[in-house]
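# Architecture at a glance
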Amino acid sequence: MNSFVLYGGLALVLLLAGVYVAISLRGGSRLQRRLFTLFFLLSFLPVVVVLLLNWQMSQRNLGFLDSPGLRSSLESSLNLARRTLDREREVAGETGQRVAQRIADGERPLPAPPDGGSYRCWVGGEAHLRGTGASELLEAMAPPDPNALGTPIRLELTGEDYLVATAAAHGPEGEVLLHLATPLAADLAADLRAVTQGSSRYRQLRLFYGELLRGDTLITLTGLGVVLLATSILLSRYFARRIAGPLSKLTQGTALVAAGDLDHRVRVRAVDELGDLVDAFNRMTGELKRSKDELVRAERVAAWQGIARRLAHEIKNPLTPIDLAMHRIRRKVDDGTVHECVDTVLEETRNLKRLADEFSFFARLPAPKKERTELRELVSSVAELYTERTHVEVVWEGWPEEMWVHVDPGQMRQVFGNLVKNAAEAMRGRGRVTLTLGEREGGIVVRVADGGPGLTARPEQLFEPYFTTKESGTGLGLAVARKIVEDHGGSLHAYAPAEGGAVFEVGLPAAGKE
Ligand code: ADP
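Residues numbered from 1 in each chain as written. Predicted model: local features only at pLDDT ≥ 70, side-chain atom pairs only at ≥ 80, totals over all residues. Heavy atoms only, no water.

### Focus on the overall build of the protein
When helices and strands are counted, the protein shows 11 helices and 12 strands. Compactness check: the protein gives a C-alpha radius of gyration of 57 Å against a globular reference of 24 Å for 514 residues, more than 25% above the reference. Principal axes of the C-alpha set define a box for the protein whose edges measure 190 × 55 × 35 Å. Evaluated residue by residue, the protein yields a buried proportion of 35% over its 514 residues. Look at the contacts in the protein between residues 6 or more apart in sequence, and 66% of them connect residues 24 or more apart. On the protein, roughly 30900 Å² of surface is accessible, and the fraction owed to carbon and sulfur atoms is 57%. Counting 62 positive and 64 negative side-chain charges, the protein places the centres of these two groups 9 Å from one another. (Helix = DSSP H or I, 4+ residues; strand = E, 2+ residues; numbered from the N terminus. Rg over C-alpha atoms; globule rule 2.2 N^0.38 Å. Buried < 20%, exposed > 50% of the residue type's maximum accessible area, 1.4 Å probe, protein only. Contact = heavy atoms within 4.5 Å. Areas by Shrake-Rupley, 256 points an atom, 1.4 Å probe, with all protein chains shown as cover. Lys, Arg positive; Asp, Glu negative; His and termini not counted. Charge placed at Lys NZ, Arg CZ, Asp CG, Glu CD.)

Dropping the structure here:
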């Protein structure tokens, strides 16, 4: 490949990666930029160091392989080995020739082969084998061509080295052709092998490093470096964003929450500790909102209690003299019309007194005096007040024989009394009230459900003091009931179920848990 094109391509890759990161980092936070720089240095510096070390090492290895001392000593040992082998060949050739001549001269029995060796000869077309070393090899060979005898060849046979010489001789017996195998001394064979292998390995290594340090490898190494650089740029950017993203969202979130936006939630995908941090932050904001809402409610109730106290005082004060005056008029004046009017006034003063009593009760709601109480008995005794006087029927669902709780019985009677009274009023004194007992985390829940017209306002609005839709209502019943339940560590909510009517849900902590 044209190296110019390659370098150009690599530079382009690098440039593109750099531009991409620069653009995406411009919009990022300072933390993101810092993390990117840190990750990039951490990941790329070792790569540069390794590449440089590799390069240097290759240079040094080639320098060592190219040193004249090493090369000449290797060449000398190779020459030495070659000369030694040539001498051995010469000796083998001469021995073969000598043996062939003796046979041709008529020596019988045939002369013995050299130690550990063997020969095969052809006399007048007949083949004879003497000796054992490499005899199978000789048996497989055709008679040599007397016109092309050549130098002895070196053969390796089952781990042993032999020199196989060919010879031809003329004598009274006619032409004698011969193959002679003589073993090469084991240590000599091993040395020869070591020298040839060593020098061929040297040649390969030189070739390899020479190749490595030529332009191609340099291009490959540079290419590798650039690819690694681009990869480390992109990975560093990825990790920097992954960490800095959630953190900057959290920072923004903290600022918003501090400015009072308690509905803000950090929506960002994060894993591990960062994910936990985001979850914890969102949970904390939720808790903060809940406590703030509670605080606001408590403040509102306290304010209404103050108003209730003054109202009760202002109403009650003139009621007693009015009452006394009316009784006196009744006694002094004997007139039917006057008596009727006086009775109406007395009836209205009684109503006003009841109202004032309710106000002052709401104003002075005492802390609950809790004791072990059987809840079913308590609820049933207040429900009876209505079932006896009206056509309202009470149905019990999910109640055990006994349900012991730790509450102020007087206050609880007021809570359930008010809920059953409201249910009976909503159904205009005719219908069914279902009291269901259920469990919930850390306590129990009692649902008071009726078959009335359902809720006419937002459920939370019903609990505000003085909210009423009834002509003679005070709007304090539910406010007082909720205050009592909350003072017990529980909760009171209303909702309109799909099947119609209204449900009021009293949650109470399990005995001993409040
Ligand atoms: P009051 O009974 O004096 O009006 P409460 O605080 O007990 O005061 O109730 C406030 C209002 O909540 C009622 O006027 C009524 O509009 C509504 N409400 C209470 N209970 C029910 C119910 N079971 N079904 C429908 N509306 C209800």
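### Details of the pairing of strand β9 (residues 430-440)
Taken together, the seven bridges between strand β7 (residues 391-397) and β9 define a ladder with parallel strand orientation. Pairing of V392 across the sheet is with G431, part of β9. Inspection of the sheet shows β9 paired to strand β10 (residues 443-450) by seven bridges, in the antiparallel sense. Within β10, the residue paired with R440 across the bridge is G443. (Pairing = 2+ DSSP bridges.)

### As for the site of the ligand
Close to the ligand lie 19 residues, the nearest being D450, T468, T469, K470 and L478. Between a nitrogen atom of the ligand and a side-chain N or O atom of D450, the distance comes to 2.7 Å. Protein burial of the ligand: of its 530 Å² of free accessible surface, 95% is covered by the chains. At a threshold of 2 Å from the grid points, most atoms of the ligand map onto the largest pocket. No other element matches helix α10 (residues 409-426), which puts five residues into the shell around the ligand. Along the lines of polarity and charge, the residues of the shell around the ligand split into seven nonpolar, nine polar and three charged. (Near = heavy atom within 4 Å. Polar contact = N/O pair within 3.5 Å; in protein donor to acceptor, adjacent residues only side chain to side chain. 1 Å grid on protein atoms, 1.4 Å probe; cavity = no way out; pocket = protein on both sides within 12 Å on 5 of 7 lines; lining within 4 Å. Sits in = over half its atoms within 2 Å of the grid points. Nonpolar A, V, L, I, M, F, W, Y, C, P; charged D, E, K, R; others polar.)

### Here's the deal with the layout of surface pockets
Of the pockets and cavities examined, the largest pocket occupies roughly 1100 Å³. Lining the largest pocket are 39 residues; nearest its centre among them are N418, K421, N422, E425 and K470. The element contributing the most residues to the lining of the largest pocket is α10, with nine residues. Reported here for the second largest pocket is a volume of approximately 550 Å³. The wall of the second largest pocket is formed by 22 residues, among which D293, E294, R297, R482 and E486 lie closest to the centre. Elements represented by at least two residues in the lining of the second largest pocket include exactly α7 (272-332), α11 (477-487) and β11 (491-495). Here the element with the most residues in the lining of the second largest pocket is α7; it accounts for eight residues. A class-by-class count of the residues in the lining of the second largest pocket yields seven nonpolar, three polar and 12 charged. (Points joined across faces, edges and corners; volume = space filled by probe spheres on them.)

### Re the sheet that holds strand β5 (residues 174-183)
Read across the sheet, five strands follow the order β2-β1-β5-β4-β3 without closing on themselves; strand pairing throughout is antiparallel. Each edge of the sheet is formed by a strand with only one pairing partner; in this case those strands are β2 (126-131) and β3 (153-157). Across the sheet, the mean angle separating the axes of adjacent strands is 25 degrees when strand polarity is ignored. Note: strand β1 (residues 118-123) against β5, six bridges, orientation antiparallel. By the bridge assignment, V123 is partnered in β5 with V176. Taken strand by strand, helix α3 (residues 68-104) contacts β1, β3, β4 (160-171) and β5, and its axis lies near 40 degrees from that of β4. (Axes fitted to C-alpha atoms, helices over the stretch in contact; angles between N-to-C directions.)

### Here we look at α11
Looking at α11, one finds that the buried residues are L478, A479, V480, A481, R482, I484 and V485. Those residues of α11 hidden inside the fold are in contact with α7, α8 (336-363), α10, β11 and β12 (502-509).

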